[in-house]
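Structural overview for review
Each chain, written out:
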Amino acid sequence: MVTITTQELNDLFRWCDDIDMFATDRPINDTKDFEGSCVHRTSFCDKTCYNVKLYKLYPNMYERDNRCERIWQKLPTDVSFYKQNLVPFFAKKKKQTKRIRYKTRGECIKDMSDIYRVRAMALAMPSTTWWLVTRAWRDKKLKFLIEQELMPLKNIALNGSTDPTTTKEEYDMLKRDGWNTMFYGSDDGHVGIDKAFPCPKTHKGLKKHCSVCKGGCFSMTTINRRTDTHLIEH
Ligand code: SF4
């Protein structure tokens, strides 16, 4: 049986002031004990990922990533585990838990097991909306499984992460299959998007807005409408 301590959960779910919510992280690149999670990354990620710069400024990020990945890897896929452990953990929090973000850095859906972890957490905590931004749509099998297992859950704010390497065909496919998209990489937008939603946090500098944002990344869970969100560089 898997056991998890409060200390481990506090490590895994850090409070992120910038988005006004609890958030998890995963290692982008290999750590001393684990393979990196960004296995679906693009050439654009390699060139521009700002987290890679942060690792140089804050070497302790490596250590925390390694610890978090150890915790993440032991998480099971049964709903009862999260009812017993996550529900009481978050019930004690004074800060908001209506929305929680998966991975401010790293990839949440590295492989199949991650889909079932996310699904179990969402089912165990139906009053929380889980914000999931992923590039796993670039893997056909994972994309299919996400559409089967996660997309139908109304408390998962699913967004396909895109950048200037995303093709018009890929946009058309994501749109056809009901995915919200979240684009970053050019302040002028992307040719494949007809009408993008300007992210209030990056376009208007509305720090903490993510926890109350109705459009953009959360549109499917709030107004039941698919959206292409545009983030500008900050
Ligand atoms: S669109 Fe809304 S939720 Fe998404 S990043 Fe911008 S402010 Fe946050």
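Residues numbered from 1 in each chain as written. Predicted model: local features only at pLDDT ≥ 70, side-chain atom pairs only at ≥ 80, totals over all residues.

**Brief notes about the environment of G192**
Among the structural elements, G192 can be located in the loop between β6 (180–184) and β7 (197–198). Using a count of 18 C-beta atoms within 10 Å as the deciding quantity, one classes G192 as partly exposed. For the pair G192 and E170, spaced 22 residues apart in sequence, the C-alpha separation works out to 8.6 Å. Sequence-distant contacts of G192, that is, excluding residues within four places in its chain, are made with T166, T167, K168 and Y171. (Helix = DSSP H or I, 4+ residues; strand = E, 2+ residues; numbered from the N terminus. Buried ≥ 20, exposed ≤ 12 C-beta atoms within 10 Å, placed from the backbone. Contact = placed C-beta atoms within 7 Å.)

**Notes on the nonpolar core**
Within the largest apolar cluster, 42 residues are counted, with the highest numbers of intra-cluster contacts made by V118, M121, W130, W131, L132 and A157. Per element, the largest residue contribution to this core is five residues, and it comes from helix α6 (residues 112–124). (Core = buried A, V, L, I, M, F, W, Y, C linked by C-beta atoms within 7 Å.)

**Quick word on the site of the ligand**
Taken together, C199, P200, K201, H209, C210, C213, G216, C217, F218 and T229 make up the full set of residues adjacent to the ligand. For the shell around the ligand, the residue count by class is six nonpolar, three polar and one charged. (Near = placed C-beta within 6 Å. Nonpolar A, V, L, I, M, F, W, Y, C, P; charged D, E, K, R; others polar.)

**Concerning unusual backbone geometry**
In this structure, K208 is a non-glycine residue whose phi angle is positive, near 70°. Positive phi outside glycine occurs at N224, with the angle close to 50°. Within the element layout of this structure, N224 appears in the loop between α10 (219–222) and β8 (228–231).

**Regarding the pairing of β8**
Where β6 lies against β8, four bridges are found, and the strand directions are parallel. Following the sheet pairing, Y184 is matched in β8 by L231. The pairing of β7 with β8 spans two bridges and is classified as parallel. Bridging from a neighbouring strand, F197 pairs with T229 of β8. (Pairing = 2+ DSSP bridges.)

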